Amino acid sequence: MNADLEKLKRIIAGSDNIVFFGGAGVSTESGIPDFRSADGLYSESQAPRGSFEPAYPPETILSHSFFMSHTKEFYRFYKDKMLYPDARPNDAHYALAELEKQGKLKAVITQNVDGLHTVAGSVNVLELHGTALRNICMTCNECYPLEKIITAEEIPQCSCGGIIKPDVVLYEEALDPSVMTKATKAIYNADALIVGGTSLNVYPAAGMINHYRGNKLILINKSETPYDRYADLIIRESIGLTLKTALLR
Ligand code: ZN
């Protein structure tokens, strides 16, 4: 085991209020690509040929106004690029669930909407961007599982006739303030903060990390982040392998 992993192991062993903050990189090891690397959607009249640019970039499609005005096209992209119903948790998800069971880890804060932390057994999961596993009728607030979205022909509809919307935070939409508050408090109170699989470039990730007051900031990310200079430990390896190895006795 190399020196960085040994250090991570020591930090984990000596901490009883660890908080994990994760992004898309946690789920790429489950085969879910970062949507920011996805191509956008071609409009109906503009089929992809040659060097044509997509008609809409992902950030446009995944916006509130696009959902309201182009619901069918939203769902075409969403089902194709955002949903991975067969994806399973990886070693990172399982290691974090295990740390929580041991009483060491107090919260998982995630920017992912795949629900894999919960599937892996984590209990205190703060999903900043919501979850694709929950879908709500815009008319009567009835809740539907992911299955309802996957099996819908085009636009998923409630039994009341209303349109069902995934409980994920779209561009132009505000984050749930109660989730934000819980996440901020958890970070503020953490003795060790492990940040993994995020470049910390996307709101609100960067701002939230600023609430950490401790001296055990661990960054596990394959590329550089703006927070590297504040980190007490930087690991550029696979997050699944890193966390799994750090938990080995
Ligand atoms: Zn309804």
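No experiment lies behind these values; they were computed from the predicted model shown.

**Side note on the coordination of the zinc ion**
- Coordination sphere of the zinc ion, protein contribution only: C137 (SG), C140 (SG), C158 (SG) and C160 (SG), at 2.3 Å.
- In this structure, the zinc ion is coordinated by four donor atoms arranged in tetrahedral fashion, with angles at the metal of 105 to 118°.
- Counting gaps between the donor residues of the zinc ion yields the pattern C-x2-C-x17-C-x1-C.
- For C160, a relative accessible area of 42% gives the class partly exposed.

**Some details on the packing of helix α6 (residues 91-101) against helix α11 (residues 239-247)**
- Contact geometry of α6 with α11 gives a least axis separation of 7 Å together with a crossing angle of 35°. Every pair of crossing elements has a handedness; the one defined by α6 and α11 is left-handed. Between α6 and α11, the residues in contact are D91, A92, A95, L96, E98 and L99 and I239, G240, L243, K244 and L247, respectively.

**Brief notes about a nonpolar patch on the surface**
- A grouping of M68, M138, I155 and I163 is seen on the molecular surface, where their side chains present a nonpolar patch of about 310 Å² in accessible area.
- Within the secondary structure, I155 is located in the loop between α8 (146-151) and β6 (164-168).

**A closer look at the sheet that holds strand β3 (residues 125-127)**
- Within the open sheet, the six strands sit side by side as β3-β2-β1-β7-β8-β9. Their pairing is parallel. Of all strands in the sheet, those with a lone pairing partner are β3 and β9 (233-235), marking the two edges. Averaged over all pairs of adjacent strands, the angle between strand axes in this sheet comes to 15°, irrespective of strand direction.
- The pairing of strand β8 (residues 217-220) with β9 spans three bridges and is classified as parallel. Paired with I218 across the strands is L233, a residue of β9.
- With respect to the sheet, helix α9 (residues 177-189) is in contact with β1 (18-22), β2 (105-110), β3 and β7 (192-196), its orientation differing from that of β3 by roughly 130°.
- Each of β1, β7, β8 and β9 is contacted by α11, which is oriented at about 135° to β8, the strand it contacts most.

**What to know about the environment of A132**
- With respect to the secondary-structure elements, A132 resides in strand β4 (residues 130-137).
- Taking the C-alpha atoms as reference points, A132 and P166, separated by 34 residues in sequence, lie 5.8 Å from one another.

**Section: the environment of S223**
- Relative to the assigned elements, S223 resides in the loop between β8 and β9.
- In sequence terms S223 and S199 are 24 residues apart; their C-alpha atoms lie 7.1 Å from each other.

**A word on the pattern of salt bridges**
- Scanning the entire structure with this criterion turns up six salt bridges.
- A salt bridge links D167 to R134, with the shortest nitrogen-to-oxygen separation between them at 2.7 Å. Taken together, the residues D167 in strand β6 and R134 in strand β4 connect sequence positions 33 residues apart.
- Residue D167 is classed as partly exposed on the basis of its relative accessible area of 26%.
- With relative accessibility at 36%, the residue R134 sits in the partly exposed group.
- With a closest N to O distance of 2.7 Å, R236 and D228 form a salt bridge.
- Judged by its relative accessible area of 34%, R236 is partly exposed.
- You can call D228 buried: its relative accessible area is 14%.

**Concerning the domain arrangement of the protein chain**
- Domain boundaries assigned for the protein chain yield domain 1 (3-32 + 89-129 + 175-247) and domain 2 (134-168).
- A straight line from the C-alpha centre of domain 1 to that of domain 2 covers 31 Å.

Scoring rules and cut-offs
Residues numbered from 1 in each chain as written. Predicted model: local features only at pLDDT ≥ 70, side-chain atom pairs only at ≥ 80, totals over all residues. Heavy atoms only, no water. Donors = N, O, S within 2.8 Å, 3.2 Å for Na, K, Ca; no water. Tetrahedral: all angles 85-135°; square planar, octahedral: opposite > 155°, others 65-115°. Buried < 20%, exposed > 50% of the residue type's maximum accessible area, 1.4 Å probe, protein only. Axes fitted to C-alpha atoms, helices over the stretch in contact; angles between N-to-C directions. Helix = DSSP H or I, 4+ residues; strand = E, 2+ residues; numbered from the N terminus. Left-handed = near helix turned anticlockwise from the far one by under 90°. Contact = heavy atoms within 4.5 Å. Patch = residues over 30% accessible without salt bridge, like charges linked within 9 Å, V, L, I, M, F, W, Y side chains within 5 Å. Areas by Shrake-Rupley, 256 points an atom, 1.4 Å probe, with all protein chains shown as cover. Salt bridge = Lys/Arg side-chain N within 4 Å of Asp/Glu carboxyl O. Pairing = 2+ DSSP bridges. Domains from an automatic or database assignment.

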